[in-house]
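Survey of secondary and tertiary structure
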Protein chains: 4
Amino acid sequence: MVIIMKPKVSSEAIEHVTRLIEENGLQVHLSHGHEVTIIGVVGDKRKLKGTNFELLDGVDKVVPITESYKLVNKKFHPEDSCISVKNTVIGPETFTVMAGPCAIENHDQLLLCAENVKKAGATFLRGGAFKPRTSPYSFQGLEEEGLKYMEEAGRTTGLATVCEVTSLRALAMAVKYVDMLQIGARNMQNFELLKEAGRSGLPVMLKRGLAATIDEWLNAAEYIISEGNPNIVLCERGIRTYETATRNTLDISAVPVIRTKSHLPVIIDPSHAAGIRSFVEPLSKASAAVGADGLMIEVHPCPSCALSDGPQSLTFEQFKQLMGDLSPYIALAKRNI
Amino acid sequence: MVIIMKPKVSSEAIEHVTRLIEENGLQVHLSHGHEVTIIGVVGDKRKLKGTNFELLDGVDKVVPITESYKLVNKKFHPEDSCISVKNTVIGPETFTVMAGPCAIENHDQLLLCAENVKKAGATFLRGGAFKPRTSPYSFQGLEEEGLKYMEEAGRTTGLATVCEVTSLRALAMAVKYVDMLQIGARNMQNFELLKEAGRSGLPVMLKRGLAATIDEWLNAAEYIISEGNPNIVLCERGIRTYETATRNTLDISAVPVIRTKSHLPVIIDPSHAAGIRSFVEPLSKASAAVGADGLMIEVHPCPSCALSDGPQSLTFEQFKQLMGDLSPYIALAKRNI
Amino acid sequence: MVIIMKPKVSSEAIEHVTRLIEENGLQVHLSHGHEVTIIGVVGDKRKLKGTNFELLDGVDKVVPITESYKLVNKKFHPEDSCISVKNTVIGPETFTVMAGPCAIENHDQLLLCAENVKKAGATFLRGGAFKPRTSPYSFQGLEEEGLKYMEEAGRTTGLATVCEVTSLRALAMAVKYVDMLQIGARNMQNFELLKEAGRSGLPVMLKRGLAATIDEWLNAAEYIISEGNPNIVLCERGIRTYETATRNTLDISAVPVIRTKSHLPVIIDPSHAAGIRSFVEPLSKASAAVGADGLMIEVHPCPSCALSDGPQSLTFEQFKQLMGDLSPYIALAKRNI
Amino acid sequence: MVIIMKPKVSSEAIEHVTRLIEENGLQVHLSHGHEVTIIGVVGDKRKLKGTNFELLDGVDKVVPITESYKLVNKKFHPEDSCISVKNTVIGPETFTVMAGPCAIENHDQLLLCAENVKKAGATFLRGGAFKPRTSPYSFQGLEEEGLKYMEEAGRTTGLATVCEVTSLRALAMAVKYVDMLQIGARNMQNFELLKEAGRSGLPVMLKRGLAATIDEWLNAAEYIISEGNPNIVLCERGIRTYETATRNTLDISAVPVIRTKSHLPVIIDPSHAAGIRSFVEPLSKASAAVGADGLMIEVHPCPSCALSDGPQSLTFEQFKQLMGDLSPYIALAKRNI
């Protein structure tokens, strides 16, 4: 931590700040510049909890130097993580494709999806049993009934299964049926849910919040890992910007940024990012090329009748085509599907 | 709902769309323009659930006409609402000031705050017992112990009390001790929590999400009201933008926008919006002038030692000064405190 | 400037950085922390032009300490500036209202506006002769003809006049007819235009760019002042965000932020910020209450037939009403109109 | 254009609106819905210039149906354009790489860059002679001297040359020396400059504004094409968002969005988007994969001593490596370099 003093500050103000730091058992490094004095704080800054230097006389600003996330930080864990789920691995040598409907609507819809995405080469089945919807009058999900279909689909096809949980109650239900929990964008800072996911024993896919910075996202992951669960996969799904031509703005740079900051795998959800079906293919290719560890894609037997997010869902035929088109890009990235 | 067709679309495509609308029991109004054909849909569009017109052949885009929120919509409830909490009323004739510490740290801190904000003219005590914090290593709140102090402070001073709830568990605890629940920005789309708040019987203060549109915010309020609870106060607390000179960007225009869209009262939290103590006073005056129904302000006996959000908290002396400075603005707005 | 090294960096890397700094005639202050080493740079950092420390081995990041704007910086010029234009002054003791049509459409429209805004209490006439329009097919302004009407209107009413200039050619024309130049949001970083405005001898109103940070805005002002022209008034007119309920998002906090960073006056343009006529009145009151030095407001004899920005323009009657409603707020702010 | 009336509006209000439309020579289509009445306007809406329906009694909102850009609109020119510059073509069958220094610093730096980027496979030399810089105290470019070096470099290597112009003066100079003009992000809505570029006879590369929507960008291109110059290449260079981990947020989805809206080629500038050298390679691969028509990349003989944008510049060695790594992606996209 570095404390920057105002120009022409009194020596009393500087002494007051330095004394406060030293009283808390930390060391001070003073730099008297031409315009301003800078006070470097050396030591474990958690000892300073409850000391707000910004408010002290003569202080201009406080600049943090080290990140607040530790266990997910690449600086302290340089090797990339591999996350095992069922009989698959998500990590630097694989390209994992998760596919399925936005919402589970009924038994046959889900089983049909499972067979078809399996046939086309996906290794995960996605499907929502608890749907966070902007309006209370939209379809909210089949809940436990949907989870049972997920369990059946996973069993019969061999696909690993992932399902979003939107509350502790949903989480308690889901752990009985699925292989991986998903924390959605709207719950990225639902800290109670994050902690419970950390205690669940299941791997967790953590989507980026609608307007979360990458640092906030990694701090959210830190909530999960600090409960003892290192099996976390990050998922970029677009952020909110002023541009309305797409549903969200896919922040594809998040992939290389995460590579420099964390050892966790990161996949991309082009369906939610774009919100428009025809953009899923180019964005999927770009995701493979940029170095993502996989994709999450919405597929539906009849997108034009889907109860949720139809406009961004692929038909089975389109998904099969996509998987074929993707394969040379996956090969170029030296990954196995 | 209006469906805009692509230029030079075939008459088959138009017929297909119109047939689908009519088969669902709705009416069609066709307008053949020079460049494009427009199809107006007349009737209750909820009958069309699961029909994604965007995906049909020849459709360019779909423009919704009516809002998805109904019970909080001013169009169907033109009179402004008054919300009663304990012995106070929040609404068009009052200017309600809620004040207190960001986090409840101990018994004496809270009781001291309560006395001082009461003396200065506040009618609500705020205080966090459950703290949503970006990092898992930051102070997370006293939970039930804090709620007990809130109950005591409310009893001894007569202040109404409001406390953020971050989970169903927190909510179940809080209803036993406080007068009003707060749903924070990070939980604005925690729909399970919204519904439970709707069933709680207590009035609810709903903060705007970090990057929520006003329409999404009103849809979140619709979740509460649709469970039978019309006692909702909205709270604007700044939105996320690219500007970093303030913690968030206070969207002060949200107050007149809400006035045109909803009958619910709306207050402003300048402390979280600015994140810097010295901006609280000018933003509070602006809030009174723009027509807000009140303020939520952070106050602490010793901001420089606060465990949470110290830099934006006022001292007792500063708060007293603020209340004095505000009173002519409140009088100009023809409101009582 | 502070250079933060990566954890476990070699001592050679540290020496390389420090040697480079010292070779440029600056001093180094080293702080060896538990996790990282920090290198403080003392002296005039302009000597380091063309040395990109970010790229040197072992460097994690570079944190600037001092602002790049100097002449508009409050740190080096603590007293608030007063800008004289014709027979008026813009500064801490006045509240300046500039009003008039978005675009000058013809002689009578402008003269009628001038009389009416004068009668209602404005001291400046605004009016666009060069209109930057998103589409090339929209009305682009009367150019020199419009400027002549401005000159006549200023002469007959005694109002000071302000007109946007969008190019060097427009600027060269405008200096012959008006009292103050306006640089619009789209040209805030048209640096050639800024420099020419700095050499023009006329006071300049500099609008904030559509997505400019406050620091970029002050750097734009530095372009003008560094050419020898200190007569600059800043104008906040809303920034671009994801919210679409208003045309832009008025960043009202910019006023107190500017007060801490610069000595220049700052006014607010609620018409462009909101884009909707009915929001102009509440936002104008809020602007007076937050401490702005004035307002710029669009007025039109017949808003529903205006060639530009009609939806946000007030009628004469509405403007007169607004000025009456504002006067107690201006009095409270201890300012004269 | 569709006009949506408020609920329970009087029939007089509806008649007033329809009469106004018909008096302007257009036709009306009325749809009386259950909640609201919708008025469709059929005909050339430019006849309605100066009629602001938003302000009429009973009108809720006005929804435009057709885009304001025409000549760059894919709807009216479905075939993708090919732009010829010197002996190269930019379009659907090629992948054009433009490379060179951010700023031209001296003769040898530019000539060295030209040789090296040519050797590595680029077909365009980029280099800034007029530098728009946030601070007036930063290096502003060599101007005509720099242009002469560009001319020489283009002549000796055979590379096509592109240079940003920031004013009419710069444009008048540049046309004498370079093969293609660049309009930078800060000048995307410098409409005078756009028109002059349209009249210049040279092909134009138009960068997206810092916070421009895709529609505003296409309208800016319409300014150029409506002066008779159809030789326009769009360049996505990142937009401003709240995320600070990269300099801007690369909106990679802009490529497929442009494909649906316009026939103009679109390239990507990953150097400015990321602002960090190590992200250029993954973003370049993603650009090829997403279907872009090329790249603009910053290269410098010694990035750590560059006078502008060093941190995002590649060395010659890194650029050569990048071109090698890119070639299978370009082949996959079925394009020639």
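Because the structure is a prediction, the values reported are computed rather than measured.

**Quick notes on the environment of Asp 57 of chain C**
All names here are of chain C. Turning to its location among the elements, Asp 57 is positioned in the loop between strand 3 (37-42) and strand 4 (59-63). Take Asp 57: its relative accessible area is 65%, and that puts it in the exposed class. On a C-alpha basis, the gap between Asp 57 and Cys 235 in space is 43 Å, while along the polypeptide they are 178 residues apart. The contact partners of Asp 57, leaving out residues within four places of it in the chain, are Met 5 and Ala 13.

**Brief notes about the relation of the copies chain A and chain B**
Mapping chain A onto chain B calls for a rotation angle of 180° and an axial translation of 0.0 Å; the resulting RMSD is 0.0 Å. Put plainly, the chains are arranged around a two-fold axis. If distances are taken from each C-alpha of chain A to the rotation axis, the shortest is found for Ala 211 of chain A, at 3.0 Å. A shared interface surface links the copies, since 100% of the contact residues of chain A are contact residues in chain B too.

**A short note on the interface of chain B and chain C**
Listed by partner, the interface residues are 32 residues for chain B and 32 residues for chain C. Contact with chain C buries area across many residues of chain B, yet Tyr 242, Tyr 329 and Leu 332 of chain B alone supply 22% of it, more than any other trio. Here chain B is connected to chain C by two salt bridges. The partner of Glu 243 of chain C in a salt bridge is Arg 208 of chain B, with the nearest N and O atoms 2.8 Å apart. At the junction of chain B and chain C, the tally comes to six residue pairs in polar contact (both at pLDDT 80 or more). The set of elements that each furnish at least two residues to the side of chain B that touches chain C consists of helix 7 (254-261), helix 9 (280-290) and helix 10 (316-332) of chain B. Of the residues forming the side of chain B that touches chain C, the biggest block, six residues, is contributed by helix 9 of chain B. Looking at the side of chain B that touches chain C residue by residue, the class counts come to 21 nonpolar, six polar and five charged.

**A word on the sheet that holds strand 2 (residues 27-32) of chain A**
Adjacent strands of a sheet form backbone hydrogen bonds with each other and so pair up, either parallel or antiparallel. Residue and element names in this part refer to chain A. Strand order in the open sheet formed by four strands is 2-3-1-4, with antiparallel pairing between adjacent strands. Strand pairing shows two members of the sheet lacking a second neighbour, strand 2 and strand 4 (59-63), which therefore form its edges. Neighbour-to-neighbour, the strand axes of this sheet turn through a mean angle of 20°, independent of strand direction. Its contacts with the sheet place helix 1 (residues 11-23) against strand 1 (2-5), strand 2, strand 3 (37-42) and strand 4, and it is angled at close to 155° to strand 2.

**Here we look at the pattern of salt bridges**
Taken as a whole, this structure holds 82 salt bridges over all chains when the rule is applied. The salt bridge partner of Arg 169 of chain A is Glu 192 of chain B, with a shortest N-O separation of 2.9 Å. Here the residue Arg 169 of chain A occupies a position in helix 4 (residues 168-174), and Glu 192 of chain B occupies one in helix 5 (residues 191-199), the pair thus bridging two chains. Owing to a relative accessible area of 37%, Arg 169 of chain A belongs among the partly exposed residues under this scheme.

**Concerning the side chain of Lys 131 of chain C**
Tracing the chain through its elements places Lys 131 of chain C in the loop between strand 8 (124-126) and helix 3 (144-157). No salt bridge is formed by the buried Lys 131 of chain C; the nearest opposite charge belongs to Glu 164 of chain C, separated by 4.7 Å.

**Quick word on helix 6 (residues 214-225) of chain A**
All names here are of chain A. The first and last C-alpha atoms of helix 6 sit 16 Å apart over 12 residues, in line with the 16 Å expected at 1.5 Å per residue. Burial analysis of helix 6 places 11 of its 12 residues in the buried class, which makes it a mostly covered element. Against the buried residues of helix 6 lie helix 5 (191-199), strand 11 (204-207), strand 12 (232-236), helix 7 (254-261) and strand 13 (266-268).

**Re the packing of helix 5 (residues 191-199) of chain C against helix 6 (residues 214-225) of chain C**
All names here are of chain C. Contact geometry for helix 5 and helix 6: axes closest at 7 Å, N-to-C directions at 45°. Here helix 6 runs oblique to helix 5, going by the angle between their axes. In this structure, helix 5 uses Phe 191, Leu 194, Lys 195, Ala 197 and Gly 198 to contact helix 6, whose residues at the interface are Ala 220, Tyr 223 and Ile 224. Among the residues making up the contact of helix 5 with helix 6, the classes are represented as six nonpolar, one polar and one charged.

**Observations concerning the interface of chain A and chain B**
A common measure of how large an interface is: the accessible area buried when the components associate. Contacts between the two partners involve 43 residues from chain A, matched on the other side by 43 residues from chain B. The largest share of the area that chain A buries against chain B comes from Leu 55, Thr 134 and Tyr 137 of chain A, three residues that together contribute 17% of it. Taken together, the links from chain A to chain B amount to four salt bridges. Between Glu 216 of chain A and Arg 240 of chain B there is a salt bridge; the shortest N-O distance is 2.7 Å. At the junction of chain A and chain B, the tally comes to 24 residue pairs in polar contact (both at pLDDT 80 or more). Mapped onto the side of chain A that touches chain B, the elements with two or more residues apiece are helix 5 and helix 6 of chain A. Here the element with the most residues in the side of chain A that touches chain B is helix 6 of chain A; it accounts for four residues. Looking at the side of chain A that touches chain B residue by residue, the class counts come to 15 nonpolar, 17 polar and 11 charged.

**Points about the confidence of the model for chain A**
When pLDDT is averaged along chain A, the result is 93, and 99% of the positions lie at 70 or above. Predicted complex, confidence summary: ipTM 0.93, pTM 0.93.

**So, the sheet that holds strand 4 (residues 59-63) of chain D**
Residue and element names in this part refer to chain D. One open sheet holds the four strands; their spatial order is 2-3-1-4, and the pairing between them is antiparallel. The open sheet terminates on both sides in strands that have one partner only, identified here as strand 2 (27-32) and strand 4. Looking at each pair of strands side by side, their axes are set apart by 20° on average, direction ignored. Of the strand pairs in this sheet, strand 2 and strand 3 (residues 37-42) are connected by six bridges, and their pairing is antiparallel. Within the sheet, the bridge partner assigned to His 29 lies in strand 3 and is Gly 40. Here helix 1 (residues 11-23) sits on the sheet in contact with strand 1 (2-5), strand 2, strand 3 and strand 4, set at roughly 155° to strand 2.

**Examining helix 2 (residues 107-120) of chain C**
Every α-helix carries 3.6 residues per turn, so stepping three or four residues along brings you back to the same face. Along its 14 residues, helix 2 of chain C runs 20 Å from first to last C-alpha, staying within 8% of the 20 Å computed at 1.5 Å per residue. The N-cap of helix 2 of chain C, judged by a side-chain oxygen 3.2 Å from the amide nitrogen of Asp 108 of chain C a few residues on, is Asn 106 of chain C.

**What about the pairing of strand 14 (residues 294-298) of chain A?**
For strand 14 of chain A, the tally of buried residues reaches five of five residues, placing the bulk of the element in the interior. Going residue by residue along strand 14 of chain A, you find Gly 294, Met 296 and Glu 298 of chain A tucked away on one face and Leu 295 and Ile 297 of chain A tucked away on the opposite face as well.

**Details of the pairing of strand 12 (residues 232-236) of chain B**
All names here are of chain B. Across the five residues of strand 12, five count as buried, placing the element largely inside the fold. The side-chain alternation of strand 12 yields two buried faces, one formed by Ile 232, Leu 234 and Glu 236 and the other by Val 233 and Cys 235. In terms of strand pairing, strand 11 (residues 204-207) meets strand 12 through four bridges, oriented parallel. Each residue of the ladder has a partner; that of Met 205, found in strand 12, is Val 233. In this region the chain leaves strand 11, passes through helix 6 (residues 214-225) and returns to the parallel neighbour strand 12; the handedness of that crossover is right-handed. Assessed by its sense of winding, the connection that carries the chain from strand 12 through helix 7 to strand 13 (residues 266-268) is right-handed.

**Section: the environment of Arg 169 of chain B**
In sequence terms Arg 169 of chain B and Gln 182 of chain B are 13 residues apart; their C-alpha atoms lie 14 Å from each other. Discounting chain neighbours no more than four positions away, the residues touching Arg 169 of chain B are Glu 192 of chain A together with Glu 143 of chain B. Among the polar contacts made by the side chain of Arg 169 of chain B, one reaches the side chain of Glu 143 of chain B at a distance of 3.4 Å.

**Here we look at the state of the cysteines**
All names here are of chain A. In this structure the tally under the stated criterion is four disulfides over all chains. Each sulfur of the disulfide joining Cys 302 and Cys 305 lies 2.1 Å from the other. Disulfide Cys 302 to Cys 305: torsion about the S-S bond roughly 80°, handedness right-handed. For Cys 305, a relative accessible area of 36% translates into the label partly exposed.

Cut-offs used in this document
- Residues numbered from 1 in each chain as written.
- Chains lettered and ligands numbered in written order.
- Predicted model: local features only at pLDDT ≥ 70, side-chain atom pairs only at ≥ 80, totals over all residues.
- Heavy atoms only, no water.
- Helix = DSSP H or I, 4+ residues; strand = E, 2+ residues; numbered from the N terminus.
- Buried < 20%, exposed > 50% of the residue type's maximum accessible area, 1.4 Å probe, protein only.
- Contact = heavy atoms within 4.5 Å.
- Least-squares fit on C-alpha atoms with pLDDT ≥ 70 in both.
- Buried area = accessible area lost by both parts, 1.4 Å probe.
- Salt bridge = Lys/Arg side-chain N within 4 Å of Asp/Glu carboxyl O.
- Polar contact = N/O pair within 3.5 Å; in protein donor to acceptor, adjacent residues only side chain to side chain.
- Nonpolar A, V, L, I, M, F, W, Y, C, P; charged D, E, K, R; others polar.
- Pairing = 2+ DSSP bridges.
- Axes fitted to C-alpha atoms, helices over the stretch in contact; angles between N-to-C directions.
- Lys, Arg positive; Asp, Glu negative; His and termini not counted.
- Expected span 1.5 Å × (residues − 1).
- Parallel < 35°, antiparallel > 145°, perpendicular 65-115°, else oblique.
- pLDDT = per-residue confidence, 0-100.
- Right-handed = clockwise from strand over helix to strand, strands pointing away.
- Disulfide = S-S within 2.5 Å.

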